[in-house]
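Descriptive structure summary
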Amino acid sequence: MKVGLFEFFRNMVQTEDGLVLFLLGLIVIMEIIDFMTGTFAAIINPKIQYQSKAGINGLLRKITGVFLLLVLIPMSILLPEQTGVAFLYSIYLGYVLFTFKSLIENYGKMKGDTTIFDNTLNTLNRLLDSKKEK
């Protein structure tokens, strides 16, 4: 029986637990790509000073962030009924959005054309600015 990649993903997200693990896996993959693109941008772009200490600190922050996201899974069970799952969804989706924003910014630092993402970035920046003002 041949199972395609998209069919595998559809089967994985059929349950709430599977969706949480799928989002966590997506975050880990996006964080790895974000670190790599950030490093490449620092190497390629002469306006960015490449510093290994800054790269190591960034990597440690990403690893710590993923561990904190892992800790939230057992903590979510303590919340009543479906509140815990909704809590995880909101935190994980927010993390995905912030990492996606960082990926777009890294692509721009590598002299990539990010005009297709301008509306998305503007919306995310407005959201972030409105949260800071409160």
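Residues numbered from 1 in each chain as written. Predicted model: local features only at pLDDT ≥ 70, side-chain atom pairs only at ≥ 80, totals over all residues. Heavy atoms only, no water.

**Details of the layout of surface pockets**
Quantified by volume, the largest pocket comes out at close to 530 Å³. Every element with two or more residues in the lining of the largest pocket is listed here: α2 (16-44), α3 (52-76) and α4 (83-109). For the lining of the largest pocket, the element with the most residues is α3, which contributes eight residues. Looking at the lining of the largest pocket, its residues break down into eight nonpolar, nine polar and five charged. Taken together, Glu16, Asp17, Val20, Ile73, Ser76, Ile77, Leu79, Glu81, Gln82, Gly84, Val85 and Leu88 make up the lining of the second largest pocket. Counting only elements with at least two residues in the lining of the second largest pocket, the list comes to α2, α3 and α4. For the lining of the second largest pocket, the per-class residue count stands at six nonpolar, three polar and three charged. (1 Å grid on protein atoms, 1.4 Å probe; cavity = no way out; pocket = protein on both sides within 12 Å on 5 of 7 lines; lining within 4 Å. Points joined across faces, edges and corners; volume = space filled by probe spheres on them. Helix = DSSP H or I, 4+ residues; strand = E, 2+ residues; numbered from the N terminus. Nonpolar A, V, L, I, M, F, W, Y, C, P; charged D, E, K, R; others polar.)

**Notes on the nonpolar core**
One finds Val20, Leu23, Leu24, Ile27, Met30, Leu69, Leu72, Leu88, Tyr92, Val96 and Leu103 forming the largest nonpolar core, which totals 11 residues. The element that contributes the greatest number of residues to this core is α2, accounting for five residues. (Core = buried A, V, L, I, M, F, W, Y, C linked by side-chain atoms within 4.5 Å. Buried < 20%, exposed > 50% of the residue type's maximum accessible area, 1.4 Å probe, protein only.)

**Here's the deal with the packing of aromatic side chains**
Centre-to-centre distance and the angle between the planes together describe a pair of aromatic rings. Counted under the stated rule, the structure contains three aromatic pairs. Ring geometry for Phe8 against Phe9: centres 5.8 Å apart, planes inclined by 50°, an arrangement best described as tilted. Relative to Phe22, the ring of Phe9 has its centre 5.3 Å away and its plane inclined at 65°; by these criteria the two rings are edge-to-face. Remark: Phe22 occurs in helix α2 and Phe9 occurs in helix α1 (residues 5-12); sequence separation between them is 13 residues. Overall, the relative accessible area of 30% leaves Phe9 in the partly exposed class. A network of ring pairs unites the aromatic residues Phe8, Phe9 and Phe22 as a single cluster. (Phe/Tyr/Trp six-rings, centres within 6.5 Å; stacked < 30°, edge-to-face > 60°.)

Don't take any of this as a statement about function, it's just geometry.
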